[in-house]
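Listed below are the residues making up each chain.
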Amino acid sequence: MKLSARDAQAYFAKPDPKAAGLLIYGADAMRVAIKRQDVLEKLLGPGAEEEMRLTRIPGSELRSDKALLQDAIKAVGFFPGPRVAFIEDATDGLAPVIADGLASWQDGDAQVIATSSKTLPARSALRKLFEGHKQTYAIGIYDDPPSRAEIEEQLAKAGIAQLDPDAANELTALAGQLDPGDFRQTLEKLALYKLNDDTPVTSQDIEICAPATIEAAMDDIIHAAAEGRVGEIGSLMQKLSGQGVQPVGLCIATLRHFRMLYTIMTHPGGASAGIGALRPPVFGPRRDRLTRQAGSWGVYKLEQAHQALVETDLTLRSTSQAPTAALMERVLIRLAVMASRNR
């Protein structure tokens, strides 16, 4: 049976303990692994591995020994409770072997759960097997950001109970930017950070616990330029160069930032309405910071900054022999000087 995105979400929240099997497939191996782990935890409960109620069968081993699945389905363990035969890295070539196992499946046997880190087409033999069987399910995992309900479930699992409204919106935006594994690790780090702290999670807490990325390092130098901190430009530029950041990429990011400030300032409803109209939305301290920056620059000086950055971008992309890092550093210092005069 094929499950739609909505039905799949409900199934992951409460897997069918009486099903004969489940296929989870998708191009993102991390997303597939996380969903598989969640399903196994909910179906088997704690201690399944220690109690030998979970049998792991690599696809490569099943190809060479086809009896492994049949034995795992019919095996009777020493410990009571549901059992699962988990086939990792399943392929279409294993469809006949899995079909034989499902044909002999009876109520009380181990449930067959297979995963594939591929986007299986509709003609896939593996998909056809699980979608066509009356007691099995097939779920495709795509690169869609997690829903609010999925985020709330992960928060509860991490032990995070209270968030202020801005923090909740910030987490939703962060979930759409990070890989599922990175997002889950961020929640675990946030839970440790707030250990024995009963106050609600704030946007500042999330900013502290969010992964440090090259984009975050670029944000540091862009904010320094926008806020007139001239003395920080040189050291930050040296740090970014050491990380391998290309001047053209930094110029594009800076241009994007100043266009965002310009959008805020030129909104017909004013700066507050302008920042509220940004997509993706911004919240918390970052929202306040951008509003302050836009207000301190004003429309006219933002147009000057935009022109300077466009000229630098054209020079960086040309055949000019000028040192690109020095050109980028120079325009950032120029912007920082302009910003310092805005105070």
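Quick note: structure is the one above.
Here is what the cut-offs are and how they apply
Numbering of residues starts from 1 in each chain and follows the order in which that chain's sequence is written. Totals for whole chains, interfaces and linings use every residue, but because this is a predicted model, local features are given only for residues with pLDDT of at least 70 and side-chain atom pairs only at 80 or more, for both listing and counting. Values shown for side chains rest on all heavy atoms present in the structure; no hydrogens or waters enter the calculation. For the purposes of this entry, the term helix denotes a DSSP run of H or I that reaches at least four residues, the term strand denotes a run of E that reaches at least two, and both are numbered from the N terminus. Values of the radius of gyration come from C-alpha atoms, whereas the globule rule sets the reference at 2.2 Å times the count of residues to the power 0.38. Working definition: with a 1.4 Å probe on protein chains only, accessible area under 20% of the residue-type maximum means buried, over 50% means exposed, and in between means partly exposed. Note on contacts: a residue pair is in contact if any heavy atoms of the two residues lie within 4.5 Å. In these tables, accessible area is a Shrake-Rupley quantity obtained with a 1.4 Å probe, and a residue counts as shielded only by the protein chains included in the view. Whenever two N or O atoms come within 3.5 Å, that pair is a polar contact, provided that in protein one can donate a hydrogen and the other can accept it, and provided that, for residues adjacent in sequence, both atoms are side-chain atoms. Only Phe, Tyr and Trp rings are paired, with Trp represented by its six-membered ring, and only when their centres lie within 6.5 Å; those with planes under 30 degrees apart are stacked, over 60 edge-to-face, the remainder tilted. Expected helix span is computed as 1.5 Å times (number of residues minus one). Cavity and pocket criteria rest on a 1 Å grid covering protein atoms alone: a 1.4 Å probe that fits but cannot get out defines a cavity, protein on both sides within 12 Å along at least 5 of 7 lines defines an open pocket, and an atom within 4 Å of a point defines a lining residue. Grid points are joined across faces, edges and corners, and a volume is the space filled by probe spheres set on the points. Residues are grouped as follows: Ala, Val, Leu, Ile, Met, Phe, Trp, Tyr, Cys and Pro are nonpolar; Asp, Glu, Lys and Arg are charged; all remaining types, including Gly, are polar. Here, patches come from residues exposed beyond 30% relative accessible area and free of salt bridges, joined within 9 Å for like charges and within 5 Å for nonpolar side chains (Val, Leu, Ile, Met, Phe, Trp, Tyr). Put simply, a salt bridge is a Lys or Arg side-chain nitrogen that is within 4 Å of an Asp or Glu carboxyl oxygen. To obtain each axis, a line is fitted to C-alpha atoms, and for helices this fit is confined to the stretch in contact; angles are then taken between N-to-C directions over 0 to 180 degrees. Any angle that falls under 35 degrees is termed roughly parallel, while one over 145 is termed roughly antiparallel, one within 65 to 115 roughly perpendicular, and all others oblique. Working rule for handedness: look at the near helix, and if it is turned counterclockwise from the far one by less than a right angle, call the crossing left-handed; if clockwise, right-handed.

Give a description of the overall build of the protein chain that names residues and reports values.
Secondary structure assignment for the protein chain yields 16 helices and five strands. Taken over the C-alpha trace, the protein chain has a radius of gyration of 27 Å; the compact-globule value for 343 residues is 20 Å, which it surpasses by more than 25%. Counting only C-alpha atoms and orienting by the principal axes, one finds that the protein chain spans roughly 80 × 50 × 35 Å. Expressed as a percentage of its 343 residues, the buried residues of the protein chain come to 41%. Taking as baseline every contact in the protein chain between residues at least 6 positions apart, the subset at least 24 positions apart corresponds to 76%. Just so you have it, the protein chain exposes about 18100 Å², and 53% of that area is on carbon and sulfur atoms.

Can you tell me about the side chain of Q293, naming the residues and giving the values?
Checked against the element boundaries, Q293 lands in helix 15 (residues 284–317). Separated by 2.9 Å, the side chains of Q293 and H223 make a polar contact. In terms of polar contacts, Q293 uses its side chain to reach the side chain of H257, at 2.8 Å. Apart from the residues lying within four places of it in its own chain, the contact partners of Q293 are H223, A226, E227, H257 and L261.

Please give an account of the packing of aromatic side chains that cites residues and values.
A full pass over the atoms with the stated rule returns two aromatic pairs. Where Y11 meets Y137, the ring centres are 4.7 Å apart and the plane angle is 45°; that geometry is what we call tilted. In this pair, Y11 is assigned in helix 1 (residues 5–13) and Y137 in strand 5 (residues 136–140), connecting sequence segments 126 residues apart. Assessed through its relative accessible area of 6%, Y11 is described here as buried. Residue classification places Y137 among the buried residues on the basis of a relative accessible area of 13%. Both rings, one in F258 and one in W297, keep their centres 5.2 Å apart while their planes meet at 85°; by these two values the pair is edge-to-face.

Report on helix 16 (residues 324–340), specifying residues and quantitative values.
An α-helical turn contains 3.6 residues, so any two residues separated by three or four positions project in the same direction. In this model helix 16 runs 24 Å from its N-terminal to its C-terminal C-alpha over 17 residues, within 8% of the 24 Å that 1.5 Å per residue would give. For helix 16, every residue scored as buried is listed here: L327, M328, V331, L332, L335, A336, M338 and A339.

Could you give me a rundown of the layout of surface pockets, with the residues and numbers involved?
Estimated volume of the second largest pocket: approximately 800 Å³. Considering the residues around the second largest pocket, the lining is formed by 36 residues, among which K35, I141, D144, P146 and E150 are closest to the centre. Contributing elements (two or more residues each) for the lining of the second largest pocket: helix 1, helix 2 (29–44), strand 5, helix 7 (148–158), helix 8 (165–177) and helix 9 (180–193). Residue composition of the lining of the second largest pocket, grouped by class: 18 nonpolar, six polar and 12 charged.

Explain a nonpolar patch on the surface to me, and be specific about the residues and the numbers.
A grouping of M52, F78 and F79 is seen on the molecular surface, where their side chains present a nonpolar patch of about 400 Å² in accessible area. Turning to its location among the elements, F78 is positioned in the loop between helix 4 (67–74) and strand 3 (84–88). Among the residues examined, F78 registers a relative accessible area of 78% and is labelled exposed.

An account of the packing of helix 13 (residues 247–265) against helix 16 is needed here, citing residue identities and associated values.
Interaxial distance between helix 13 and helix 16 falls to 9 Å at its minimum, and their mutual angle equals 20°. Taken together, the axes of helix 13 and helix 16 lie roughly parallel to each other. By crossing handedness, the relation of helix 13 to helix 16 is classed as left-handed. Counting all contacts with helix 13, which are made through P247, L250, C251, T254 and F258, the residues of helix 16 involved are T324, A325, M328, L332 and L335. Among the residues making up the contact of helix 13 with helix 16, the classes are represented as eight nonpolar, two polar and no charged.

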